[in-house]
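What the coordinates show
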Amino acid sequence: MTTTRQQVLVLYLDTSALDSKVVGWARYDGTGTTRPTTGDSDEPPYETGTAALEDGWRLFQASPLVPPYPGAEHATSFLKHEFFFEKLVRQ
Amino acid sequence: MPTTKQLLSSVEVARFTAQGFLRLDGVVPREMNEEALGLFAAGAPPAVPYGTPVPVAFPEGSFARRLLGLPSVAGALESLVGPDPAVDHHFVHTRPPHEGSAQPLHADALIDVRADAFDVQLMYYPQEVTAGMGGTLVVPGSHLRRTNESDTGRYQNLRGQTRLTCPAGTVLLLHHGIWHGGRRNDSDTVRHMYKIRFNPTVPQVRLWDTRDVDSPAVREELRRTFPWYEQATARLEIHNRILLWRSLSADPGFDIDHWATRITNRPAAPAAQRSTA
């Protein structure tokens, strides 16, 4: 029986623009055929977010732009510009 | 081998302030590395109560005491946390061959918001670490970010990350807040890493060799950005380093590109103007 599985790509971009450069990335594979993990590559899979679209990934979530909390304007924390993509794979 | 304690220079401490770690390649002699491999294979050393002075935690002649007594290690440690630090805890991390999981990217302990102090973690690698052995993943310049423990686990890879490979006898000294993780061991070799965390017992102010504190190279180190920084956040990182360097160097006017000065500028009105307002 053929089923559909989701592959997920998370890209962290330089700015909130989807066509800005990739600074970080993560992959999760619902097919179970690959096991991406922490620290497994030094080169990003795409140079920009739009390059992922051009390769067939479907964007389904982008981080909202949240104003800094008063008093915490200079604190740095998580990466801000997180974009989630998916590909649906038939198995 | 030199026997005089080797304090860090201002440029080296500025580099630590910017990148959050310092790397001392191959500073531990071969005989000690071989001794360590035997010790570590026999099991983890007994735990030490939090906050124990070094001489109590590691008696004279013990392996750890001799490791900390190596001139380059002793000098770097004193430059960062001062003389007589307390041992927070220590542990031997061992990764068997083809051990299938990587640690998620994390910072140790709780979110630590001290702006004028930090703990230092020593990581010692008694054997050569090759790419396949999956050494420690470190993210340069991540140490001043306020995140809690493994909340960063979603990030698998960041541009400019350091996937450690090193010769035997290498020591890393890390700011407590650095994002890091043990990588998957894809080799046939058991990998050991010995970690000791130190708490300072003195103010961390001008503990190093400060003769070059006014060198332009200090600013060059502090203004460095890393490939994973977002454009806007990179400026915040440098701002936060300026504040830390002001504290470490006891120079409250230190700045880079006027950034900290500009956003704290509050000119006082002339006395005459105030009286007529």
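Structural data are supplied above this passage.
Described below are features of the structure shown in this document. It should be emphasised that the depicted structure is a prediction, and the values quoted were computed from it without experimental measurement. (Residues numbered from 1 in each chain as written. Chains lettered and ligands numbered in written order. Predicted model: local features only at pLDDT ≥ 70, side-chain atom pairs only at ≥ 80, totals over all residues. Heavy atoms only, no water.)

What about the interface of chain B and chain A?
Across the contact, 34 residues belong to chain B and 33 residues belong to chain A. Between chain B and chain A, roughly 2,900 Å² of surface is buried when both sides are summed, and carbon and sulfur atoms account for 46% of that area. If you sort the residues of chain B by the area they bury against chain A, Gln156, Asn157 and Arg159 of chain B come out on top, with a joint share of 27%. For the pair chain B and chain A, the interface holds 3 salt bridges. The residue Glu47 of chain A makes a salt bridge to Arg159 of chain B at a minimum N-O spacing of 3.0 Å. One can count 25 residue pairs in polar contact (both at pLDDT 80 or more) joining chain B with chain A. Every element with two or more residues in the side of chain B that touches chain A is listed here: strand S6 (157-158) and helix H7 (231-249) of chain B. When residues in the side of chain B that touches chain A are grouped by element, the largest group, 6 residues, is from H7 of chain B. A class-by-class count of the residues in the side of chain B that touches chain A yields 13 nonpolar, 11 polar and 10 charged. Of the strand pairs in this sheet, strand S2 (residues 22-29) of chain A and S6 of chain B are connected by 2 bridges, and their pairing is antiparallel. (Contact = heavy atoms within 4.5 Å. Buried area = accessible area lost by both parts, 1.4 Å probe. Salt bridge = Lys/Arg side-chain N within 4 Å of Asp/Glu carboxyl O. Polar contact = N/O pair within 3.5 Å; in protein donor to acceptor, adjacent residues only side chain to side chain. Helix = DSSP H or I, 4+ residues; strand = E, 2+ residues; numbered from the N terminus. Nonpolar A, V, L, I, M, F, W, Y, C, P; charged D, E, K, R; others polar. Pairing = 2+ DSSP bridges.)

Focus: the pairing of strand S3 (residues 86-95) of chain B
Residues and elements named next belong to chain B. For strand S2 (residues 52-53) and S3, the ladder comprises 2 bridges, and the chain directions are antiparallel. Within S3, the position partnered with Thr52 by the bridge is Val87. Where S3 and strand S10 (residues 191-199) come together, 9 bridges link them in antiparallel fashion. From the neighbouring strand, Arg95 faces S10, where its bridge partner is Arg191.

Some points on the side chain of Thr52 of chain B
All names here are of chain B. Considering the arrangement of structural elements, one finds Thr52 in strand S2. Taking the relative accessible area as the measure of exposure, Thr52 reaches 9% and is therefore buried. In this structure the side chain of Thr52 is engaged in a polar contact, spanning 2.5 Å, whose partner is the backbone oxygen of Pro49. If we skip the residues at most four places from it in the chain, Thr52 touches Ala57, Ala86 and Val87. (Buried < 20%, exposed > 50% of the residue type's maximum accessible area, 1.4 Å probe, protein only.)

Structural notes on the packing of helix H1 (residues 10-19) of chain B against H7 of chain B
Residue and element names in this part refer to chain B. Here H1 crosses H7 at 140°, and the two axes come no closer than 10 Å. Comparing the axis directions of H1 and H7 gives the class oblique. Pair H1 / H7 crosses with right-handed handedness. On the side of H1, the interface is formed by Ser10, Val13, Ala14, Thr17 and Ala18, while H7 contributes Arg241, Leu244, Trp245 and Leu248. (Axes fitted to C-alpha atoms, helices over the stretch in contact; angles between N-to-C directions. Parallel < 35°, antiparallel > 145°, perpendicular 65-115°, else oblique. Left-handed = near helix turned anticlockwise from the far one by under 90°.)

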